[in-house]
Amino acid sequence: MADVEVVGAELADGQVKSLRVRFKHTTERVIDRATALTWLADGHSLLTYAGPAHHGERGYAIERVDVDGDVYLRTDTKPVAKDELRFPAAHH
């Protein structure tokens with residue numbers, strides 16, 4: 001399974017629209033929410049990340065959180081029906 005660095009996110013109305021991601025030592029790419037959920041279900045780790053690729057700071061793991069039959073992307077495990085991502089302090 002891969003560790004995927006999440007370097008940015010676009011959220012609107014409490015839901016992730018897209019994530020800027022990269023695998024170690026690769027170029028960033030953009031994935032949609034459905035792809036992120038699939039990667040998590042497949043066992044990959046999505047980790048928030050801030051700063052340059054080689055000297056940045058790893059942050060929080062993004063988890064799939066089930067609430068009333070729906071799935072949300074969260075960096076905490078609170079059963080809240082919206083996506084919520086926290087990045088390390090260096091995130092801009």
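This text follows the structure it describes.
Residues numbered from 1 in each chain as written. Predicted model: local features only at pLDDT ≥ 70, side-chain atom pairs only at ≥ 80, totals over all residues. Heavy atoms only, no water.

## Topic: the overall build of the protein chain
A tally of regular secondary structure across the protein chain gives one helix and six strands. Helices (α) and strands (β) of the protein chain occur, in sequence order from the N terminus, as β-β-β-α-β-β-β. Principal-axis analysis of the C-alpha atoms places the extent of the protein chain at approximately 40 × 25 × 20 Å. Counting across all 92 residues of the protein chain, residues that qualify as buried make up 37%. In the protein chain, the share of contacts with a sequence separation of at least 24, taken over all contacts with a separation of at least 6, comes to 38%. (Helix = DSSP H or I, 4+ residues; strand = E, 2+ residues; numbered from the N terminus. Buried < 20%, exposed > 50% of the residue type's maximum accessible area, 1.4 Å probe, protein only. Contact = heavy atoms within 4.5 Å.)

## Concerning the environment of I31
The topology assignment puts I31 in strand β3 (residues 29-32). Given the relative accessible area of 5%, I31 is considered buried. Taking the C-alpha atoms as reference points, I31 and R20, 11 residues apart in sequence, are found 6.6 Å from one another. Each residue touching I31, except ones within four places of it in the same chain, is listed here: K17, S18, L19, V21, A36 and W39.

## As for the nonpolar core
Within the largest apolar cluster, 17 residues are counted, with the highest numbers of intra-cluster contacts made by V6, L19, V21, L46, I62, L73 and L85. With four residues, the single largest contributor to this core is helix α1 (residues 33-41). Non-local contacts of V6, meaning those with residues more than four positions away in its chain, are made with L19, R20, V21, L46, L47, T48, Y49, I62 and F87. (Core = buried A, V, L, I, M, F, W, Y, C linked by side-chain atoms within 4.5 Å.)

## Concerning the side chain of E5
By the secondary structure assignment, E5 is in strand β1 (residues 3-12). Among the polar contacts listed, one links the side chain of E5 to the side chain of R22, at a separation of 2.8 Å. One polar contact links E5 to K24, side chain to side chain, over a distance of 3.5 Å. Those residues in contact with E5 that sit more than four places away from it in its chain are R20, V21, R22, K24, L47, Y49 and R58. (Polar contact = N/O pair within 3.5 Å; in protein donor to acceptor, adjacent residues only side chain to side chain.)

## Digging into the packing of aromatic side chains
What the rule picks out here adds up to one aromatic pair. Residues F23 and W39 carry aromatic rings whose centres are separated by 5.8 Å and whose planes lie at 45° to one another, so their mutual orientation is tilted. With a gap of 16 residues between them, F23 in strand β2 (residues 15-23) and W39 in helix α1 connect regions that are remote in the sequence. According to the relative accessible area criterion, F23 is partly exposed, its value standing at 29%. Judged by relative accessible area, which is 13%, W39 ranks as buried. (Phe/Tyr/Trp six-rings, centres within 6.5 Å; stacked < 30°, edge-to-face > 60°.)

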